[in-house]
Number of protein chains: 2
Amino acid sequence: MLNLCNADWEPAFVDFFNGAHREADYLKLNEFGEVPVLEAGELVLSQSGVILDYLAESFEAFDGESVPEHREIMRWLFFDNHKLTSYVATLRFLTQFADTGETDVTEFLRLRAVSALKIVERRVSESAFVTGDKPTIADFSLCGYLYFEDEITIDFAAFPAIVEWLGRIKELPGWAHPYDLMPGHPRK
Amino acid sequence: MLNLCNADWEPAFVDFFNGAHREADYLKLNEFGEVPVLEAGELVLSQSGVILDYLAESFEAFDGESVPEHREIMRWLFFDNHKLTSYVATLRFLTQFADTGETDVTEFLRLRAVSALKIVERRVSESAFVTGDKPTIADFSLCGYLYFEDEITIDFAAFPAIVEWLGRIKELPGWAHPYDLMPGHPRK
């Protein structure tokens, strides 16, 4: 989102795999112990849905044009936090970083993620972007982890409209792969 | 929330256990296939975070008093959707309705829920309500499923501040147990 808004920003490395997000200094920034945190002058914001909403308002970009449109965008942000990225991110963590291999838990998470993807698939087969013909923060919330296609252990063959939608987002000026934006990658 | 706002409202039964939420008529109201849906005149809203935000704005109640306060409330609503009610609701569903018994999946969900409850516990041991000394929609989002204390298979002994906080919410004028507000309970 920062890149797509052509914002003046830089990433700060958080040593997540060595538990930096659980240390007192970090918890002062975000008691949830999560990344990302946005620091903008005196303002400290966490939770990606809130950060996206703040950026859309600040840059007057990728938002709805009316209260009902904004509510519809927020509805998808909540859906993503509840039903999609929540499961996909955990599935990626377990299979790629915790190296649990296939378990009942990874199967459960994958089934939940696939259910959510079916809902997104229907949406983006009807319009170019999730809430209509323009990209919004709803798209950016939902798509984030889907660009780790080699890591999330989900077969995209059943989701042709999602693959095309991800392609459309990729074409937006300023787009970069998450790994190209994050310091500390590739991991040692 | 509707009760606490003394709203003129009535519940409509959705035959969830017979799949009414997956039928075409219902999906027209909410393509996510979730309850609840709020119908208010022409307006149809779904996703509880969005509904709570709409109600707080409409009734000018249980909201923040400034933009930063509102953002902090939204941050907890997202946290709840991502990390607390999401897991607690699924845990309740599996143990009480799908009758899976104890499995690796229920254990996983419980561990995640307990991690989230620890964050809430810290918060409500520092202030009467989640975002300060007044109740807001952040509290109502987080507390909902916790009143099903006999069904969520989580031991509250480790969460004394949460137990007191739930008691404080219960004392608000208009409060009623979710089961007393839902048609179709007790289930046959």
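Residues numbered from 1 in each chain as written. Chains lettered and ligands numbered in written order. Predicted model: local features only at pLDDT ≥ 70, side-chain atom pairs only at ≥ 80, totals over all residues.

## Digging into the overall build of chain A
Part 1 of the argument: In terms of regular secondary structure, chain A is built from 7 helices and 2 strands.
Part 2 of the argument: Summarising its shape, the C-alpha atoms of chain A cover approximately 45 × 45 × 25 Å along the three principal directions.
Part 3 of the argument: Residue burial in chain A is summarised as follows: out of 188 residues, 31% are buried.
Part 4 of the argument: Here the contacts in chain A between residues at least 6 apart in sequence split such that 60% fall between residues at least 24 apart. (Helix = DSSP H or I, 4+ residues; strand = E, 2+ residues; numbered from the N terminus. Buried ≥ 20, exposed ≤ 12 C-beta atoms within 10 Å, placed from the backbone. Contact = placed C-beta atoms within 7 Å.)

## A closer look at the relation of the copies chain A and chain B
Part 1 of the argument: With an axial shift of 0.0 Å and an RMSD of 0.0 Å, the rotation relating chain A to chain B amounts to 180 degrees. Both chain copies can therefore be described as sitting about a two-fold axis.
Part 2 of the argument: Both copies share a contact surface, since 100% of the interface residues of chain A are interface residues in chain B too. (Least-squares fit on C-alpha atoms with pLDDT ≥ 70 in both.)

## Some words on the domain arrangement of chain A
Bring the parts together and some accessible area is lost; that lost area is often taken as the interface size.
Part 1 of the argument: Looking at chain A, the domain boundaries give domain 1 (1–61) and domain 2 (67–170).
Part 2 of the argument: In this assembly, 6 residues from domain 1 of chain A lie in contact with 5 residues from domain 2 of chain A. (Domains from an automatic or database assignment.)

## With respect to the pairing of strand β1 (residues 37–40) of chain B
Residues and elements named next belong to chain B.
Part 1 of the argument: Direction of pairing for β1 relative to strand β2 (residues 43–46): antiparallel, over a ladder of 4 bridges. Across the sheet, residue V37 finds its bridge partner in β2, namely S46.
Part 2 of the argument: Taking the residues between adjacent antiparallel strands as the criterion, β1 and β2 are bridged by 2 residues, where G41 takes a positive phi near 60 degrees. (Pairing = 2+ DSSP bridges.)

## A few points about the interface of chain A and chain B
Part 1 of the argument: In this complex, chain A contributes 21 residues to the contact, which on the side of chain B involves 21 residues.
Part 2 of the argument: Of all the secondary structure elements, the ones that give two or more residues to the side of chain A that touches chain B are β2 (43–46), α2 (48–59), α3 (67–97) and α4 (104–126) of chain A.
Part 3 of the argument: At 8 residues, the largest contribution of residues to the side of chain A that touches chain B is made by α3 of chain A.

## A word on the environment of I152 of chain A
All names here are of chain A.
Part 1 of the argument: Relative to the helices and strands, I152 resides in the loop between α5 (137–143) and α6 (160–170).
Part 2 of the argument: Its 20 C-beta neighbours within 10 Å are what place I152 among the buried residues.
Part 3 of the argument: A sequence separation of 59 residues divides I152 from F93, and the C-alpha atoms of the two residues are 8.5 Å apart.
Part 4 of the argument: Residues within four places of I152 in sequence aside, it is in contact with V88, L91, R92 and Y145.

## Considerations on the environment of A24 of chain B
Part 1 of the argument: As for its position among the elements, A24 of chain B is in helix α1 (residues 24–29).
Part 2 of the argument: Separated by 14 residues in sequence, A24 of chain B and L38 of chain B have C-alpha atoms that sit 17 Å apart.

## With respect to α2 of chain A
Two residues of an α-helix separated by three or four positions point the same way, owing to the 3.6 residues in each turn.
Part 1 of the argument: Between the first and last C-alpha of α2 of chain A there are 16 Å, a value that for 12 residues agrees with the 16 Å anticipated at 1.5 Å per step.
Part 2 of the argument: Every buried residue of α2 of chain A is listed here: S48, G49, V50, I51, L52, D53, L55 and A56 of chain A.
Part 3 of the argument: As for α2 of chain A, its buried residues are in contact with β1 (37–40), β2, α3 and α5 of chain A together with α3 (67–97) of chain B.
Part 4 of the argument: Positive phi appears at E60 of chain A, one or two residues downstream of α2 of chain A, with a value of about 45 degrees. (Expected span 1.5 Å × (residues − 1).)

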